[in-house]
Amino acid sequence: MVAATLQRHTDQARGASLHAEAVSHAFDIRGAPLPVLDQVSVTVAPGGFVALLGPSGCGKSTLLRLVAGLEPPDQGVITVGGQLVEGPDPSRLLVFQDPTLYPWRTVRGNVALGLEAQGVGRADRAARIDRALGLVGLSAFADAYPHQLSGGMAQRAALARALVNEPRLLLLDEPLGKLDALTRLAMQAEILRLWQEKRFTAVLVTHDVEEALILAERVIVLSDRPAAIRAELPVEAPYPRHRDDPDLVRLRRTILEILGQVT
Amino acid sequence: MRQGGRVGLGLVLPLALAIGWEIAIDPGLVSGRLLPPPSRIGATLLDLAASGDLLMHVQATLIRVGLGFLWGAAVGILAGGLVATLPTLRWLLDPSLQALRAVPSLAWVPLFILWFGILETPKVLLIAVGVFFPVYVGVSGAIASVDRKLIEVGRIFRLSRFGLARRILLPAVLPATLVGLRTGLGLGFLFVVAAELMGASEGLGYLLVDGQQFGKPDQIVAAIFDFAAAGKLADLVLMTLTRPLTRWQDTERESL
Ligand SMILES: Nc1ncnc2c1ncn2[C@@H]1O[C@H](COP(=O)(O)OP(=O)(O)OP(=O)(O)O)[C@@H](O)[C@H]1O
Ligand SMILES: [Mg+2]
């Protein structure tokens, strides 16, 4: 197990390293600056899995948007795979908090978008889309429109839309936030399996401490806005993990205490 | 209810009224002078059709509405698109356009007659003005309210500007644009009456004026009937042509 984990980390073929150095960011709300990120530094090794926890509105989504290159940070430097992030790129994909599927495209059409933009040929495209839909268990709904999907299926479609592009860095913004407890457990196992199989680097934002502990190799706890790093805790338990693993239970208590101090 | 049943139900009221009127007039219960019975109106319609006049009048009206609609819709889509995507242009143009929109369009009639005479130009222009505003408002509003995240997903996938416009903006604004076009088409028929009332030698509006001046209520009702049929038909054509474009929508459109 340990050997396998080491092996995964030395294989740099897929996952890209992430390096955010002293990133600060503020929004402008009617002329008054609203500081959102305060000197946040995050490093994730290639193929690593990091979870971000923090109170609502502290700036987690903002951090992911900056890493995705949707906005430039006010201060600080973000590199992915050693390259400065200067704009959006399909190699580092953000799955939004809500699925944001295109209502006029079928599930297949939604998943196809990134491949179309990259000019992938039709036959190749179809094969990759089928594989991605299979991964998230949506093969039977390839031709359904988003309004015909359940909330959890829509989230899975959004996940497939990202995975089909084989990103080197996958940014997940509360992808399971709106799911019921059971679907959520199934999807967590799914994400874990995909990560182990595809070896992308993953950053997961979540409100759910348990979810962070089940999935991530390291949990970063952010403070209230403006977000600064409160704590960084390695999670060493081997996969697959169990909720009642004493180590995880202990970590959970620690994290809740940190969060409790904050809010 | 099944499609056929629904259509049938919608026909019950007009048919009952028509038959009732016919029955009331026949034994002289009421005078049919000012509101002729359906049989006379039908006869008038047939006469008009047989002489070829009906076709000519319907054609004249439809051509005016068609031209006005094309101009108004084209300029409306163009202006709406530009104003929604170029802020400077929006600040420059939108206030004036909104002010013009507040003018009841019939108020333009005297001015248009002064400027362009009473031939085709002012008629088509008046219709185009009527069509322009709903289309303009629909398109500019739709573009302005496209979900920012839908665009951002496109940006993450590095769609080109053209790709963003074609694959995301266009389909996103299509439903509102079609609603604007549909409203515009309805207004086009409203305005063609006004345009033809201001002086025309052919067209359904001319039939109205002529019927009034020569005391032919059957001709007036026949013209009204034709207006209704032409308007409904044009709407149906527009809906049928555009239905495939918005098949994805989760709305009640089918029942409208
Ligand atoms: N485009 C924007 N313009 C102005 N302020 C913004 C913008 N986006 C986010 N903010 C503000 O930045 C702060 C952080 O927002 P962000 O979405 O990053 O929070 P979050 O940690 O993801 O919260 P949640 O857990 O509720 O999703 C919030 O106070 C929000 O109001
Ligand atoms: Mg968020």
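Calculation criteria
Residues numbered from 1 in each chain as written. Chains lettered and ligands numbered in written order. Predicted model: local features only at pLDDT ≥ 70, side-chain atom pairs only at ≥ 80, totals over all residues. Heavy atoms only, no water. Helix = DSSP H or I, 4+ residues; strand = E, 2+ residues; numbered from the N terminus. Contact = heavy atoms within 4.5 Å. Areas by Shrake-Rupley, 256 points an atom, 1.4 Å probe, with all protein chains shown as cover. Lys, Arg positive; Asp, Glu negative; His and termini not counted. Charge placed at Lys NZ, Arg CZ, Asp CG, Glu CD. Pairing = 2+ DSSP bridges. Axes fitted to C-alpha atoms, helices over the stretch in contact; angles between N-to-C directions. Parallel < 35°, antiparallel > 145°, perpendicular 65-115°, else oblique. Left-handed = near helix turned anticlockwise from the far one by under 90°. Nonpolar A, V, L, I, M, F, W, Y, C, P; charged D, E, K, R; others polar. pLDDT = per-residue confidence, 0-100. 1 Å grid on protein atoms, 1.4 Å probe; cavity = no way out; pocket = protein on both sides within 12 Å on 5 of 7 lines; lining within 4 Å. Points joined across faces, edges and corners; volume = space filled by probe spheres on them. Near = heavy atom within 4 Å. Polar contact = N/O pair within 3.5 Å; in protein donor to acceptor, adjacent residues only side chain to side chain. Donors = N, O, S within 2.8 Å, 3.2 Å for Na, K, Ca; no water. Buried < 20%, exposed > 50% of the residue type's maximum accessible area, 1.4 Å probe, protein only. Domains from an automatic or database assignment. Buried area = accessible area lost by both parts, 1.4 Å probe. Salt bridge = Lys/Arg side-chain N within 4 Å of Asp/Glu carboxyl O. Patch = residues over 30% accessible without salt bridge, like charges linked within 9 Å, V, L, I, M, F, W, Y side chains within 5 Å.

> Please clarify how the overall build of chain B should be interpreted in this entry.
Looking only at helices and strands, chain B features 10 helices and zero strands. Of the regular secondary structure in chain B, the N- to C-terminal order runs α-α-α-α-α-α-α-α-α-α. C-alpha extents for chain B along the principal axes are approximately 75 × 55 × 30 Å. Summarising the internal contacts of chain B: among those between residues at least 6 apart in sequence, 67% fall at separations of at least 24. Total accessible area computed for chain B in this model is approximately 14,600 Å², and 71% of it derives from carbon and sulfur atoms. Looking at charge distribution, chain B has the averaged site of its 21 positive side-chain charges lying 14 Å from that of its 17 negative ones.

> Whenever I open this one, the sheet that holds strand E7 (residues 169-173) of chain A confuses me. Can you help?
Within a sheet, neighbouring strands are paired by backbone hydrogen bonds and run either parallel or antiparallel to one another. Residue and element names in this part refer to chain A. Overall, mixed pairing links the six strands, which are arranged E6-E7-E8-E3-E9-E10 in an open sheet. Edge positions in the sheet fall to strand E6 (92-95) and strand E10 (229-234), since each has one partner strand and no second. Strand-to-strand twist of the sheet, defined as the mean angle between neighbouring strand axes without regard to direction, takes the value 15°. Relative to E10, strand E9 (residues 218-222) runs antiparallel, the two being bridged by five bridges. Within E10, the position partnered with Val 221 by the bridge is Ala 231. Across the sheet, helix H2 (residues 60-68) lies against strand E3 (49-53), E6, E7, strand E8 (201-205) and E9, angled at about 155° from E7, the strand it touches most. Across the sheet, helix H5 (residues 151-163) is in contact with E6 and E7; its angle to E6 comes to roughly 175°.

> How do you make sense of the packing of helix H9 (residues 204-213) of chain B against helix H10 (residues 217-242) of chain B when you look at a structure like this?
The relative placement of two packed helices is expressed as an angle between their axes plus a distance between the axes. Residues and elements named next belong to chain B. Put simply, H9 and H10 touch, their axes get as near as 8 Å, and they point 160° apart. As far as their axial angle goes, H10 and H9 are roughly antiparallel. The crossing of H9 and H10 is left-handed. Residues Leu 204, Gly 205, Leu 207, Leu 208, Asp 210, Gly 211 and Gln 212 of H9 lie in contact with H10, whose contacting residues are Gln 219, Ile 220, Ala 223, Ile 224, Asp 226 and Phe 227. By residue class, the composition of the contact of H9 with H10 is seven nonpolar, four polar and two charged.

> Teacher, can you tell me more about the confidence of the model for chain A here?
Caution applies to low-pLDDT regions: their predicted coordinates should not be interpreted in detail. Taken residue by residue, chain A gives an average pLDDT of 87. The fraction at 70 or more is 94%. When the criterion is pLDDT under 50, residues 1-12 of chain A qualifies, and its contacts beyond four places in sequence or with other chains add up to 14 contacts.

> Explanation requested: the layout of surface pockets in the structure shown.
Empty space among the atoms becomes visible once a probe the size of a water molecule is rolled across them. Residues and elements named next belong to chain B. The calculated volume of the largest pocket comes to roughly 590 Å³. Lining the largest pocket we find 17 residues, and of these Thr 85, Ile 143, Leu 164, Ala 165 and Leu 169 sit closest to its centre. Among the elements of the structure, helix H3 (53-85), helix H6 (120-144) and helix H8 (161-197) are those that each provide at least two residues to the lining of the largest pocket. Ranked by the residues each element gives to the lining of the largest pocket, the list is headed by H8, at nine residues.

> Can you help me understand the site of ligand 1 in this one?
All names here are of chain A. Not every one of the 15 residues close to ligand 1 is listed here, only the nearest: Ser 56, Gly 57, Lys 60, Ser 61 and Thr 62. Thr 62 places a polar side-chain atom, nitrogen or oxygen, 2.5 Å from an oxygen atom of ligand 1. Measuring from an oxygen atom of ligand 1, one finds a side-chain N or O atom of Arg 225 at 2.9 Å. For ligand 1, the accessible surface in isolation is 630 Å², of which the surrounding protein chains cover 71%. Going through the elements one at a time, strand E1 (18-29), strand E2 (32-44) and H2 are the ones with two or more residues in the shell around ligand 1. A total of three residues in the shell around ligand 1 trace back to one element, the largest contributor, which is H2. Residues of the shell around ligand 1, tallied by class, amount to five nonpolar, seven polar and three charged.

> Just checking my understanding: could you explain the coordination of the magnesium ion (ligand 2) for this structure?
Six octahedral donors around a metal ideally sit at 90 or 180 degrees from one another, while four tetrahedral donors ideally sit at 109.5 degrees. Only Ser 61 of chain A (OG) and Gln 97 of chain A (OE1) from the protein reach the magnesium ion (ligand 2) as donors, at distances of 1.9 to 2.6 Å. Here Ser 61 of chain A is found in helix H2, whereas its partner Gln 97 of chain A is found in the loop between E6 and helix H3 (107-117), with 36 residues between them in sequence.

> How should I be thinking about the side chain of Asn 165 of chain A in this particular structure?
Looking at the secondary structure, you find Asn 165 of chain A in the loop between H5 and E7. On the basis of relative accessible area, Asn 165 of chain A is assigned to the buried category, the value being 8%.

> Any chance you could explain the environment of Val 209 of chain A here in plain terms?
Residues and elements named next belong to chain A. Structurally, Val 209 is set in helix H7 (residues 209-215). Along the backbone, Val 209 and Lys 178 are 31 residues apart, and their C-alpha atoms lie at a distance of 15 Å. Every residue in contact with Val 209, bar those within four places of it in the chain, is listed here: Leu 53, Arg 252, Ile 255, Leu 256 and Leu 259.

> Explain the domain arrangement of chain A here, please?
For interface size, the figure often reported is the accessible area lost on association. All names here are of chain A. Each assigned domain of chain A is listed with its residue range as follows: domain 1 (2-91 + 167-258) and domain 2 (102-166). Computed over C-alpha atoms, the centres of domain 1 and domain 2 are 24 Å apart. Taken together, the contact between domain 1 and domain 2 spans 17 residues of the former and 12 residues of the latter. Note on domain 1 versus domain 2: buried area summed over both sides is about 1,200 Å², and carbon and sulfur give 69% of it. It is Pro 167, Met 187 and Leu 194 in domain 1 that bury the most area against domain 2; as a group they hold 34% of the surface buried on that side. Linking domain 1 to domain 2 there are zero salt bridges. The interface formed by domain 1 and domain 2 contains two residue pairs in polar contact (both at pLDDT 80 or more). Only E7 and helix H6 (181-198) provide two or more residues apiece to the side of domain 1 that touches domain 2. Take the side of domain 1 that touches domain 2: its biggest share by element is seven residues, from H6. Its residues placed into classes, the side of domain 1 that touches domain 2 shows 10 nonpolar, no polar and seven charged.

> Help me understand a nonpolar patch on the surface, please; the structure alone is not making it clear to me.
Taken together, Val 7, Leu 11, Leu 15, Ile 19 and Ile 23 of chain B make up a surface patch of nonpolar side chains, about 490 Å² in accessible area. Within the secondary structure, Leu 15 of chain B is located in helix H1 (residues 3-25).

> Looking at this structure, how should I read the pattern of salt bridges?
Between side chains of opposite charge, a pair can form when the charged atoms approach closely. Overall, the coordinates contain 21 salt bridges over all chains when judged by the stated rule. Notably, a salt bridge pairs Arg 184 of chain A with Asp 208 of chain A, separated by 2.7 Å at the nearest N-O pair. Placement of the pair is Arg 184 of chain A in helix H6 and Asp 208 of chain A in the loop between E8 and H7, with a sequence separation of 24 residues. Each member of the pair, Arg 184 of chain A together with Asp 208 of chain A, is buried. Because the salt bridges share partners, they merge into one network encompassing Arg 65 and Glu 71 of chain A together with Arg 148 and Glu 152 of chain B.

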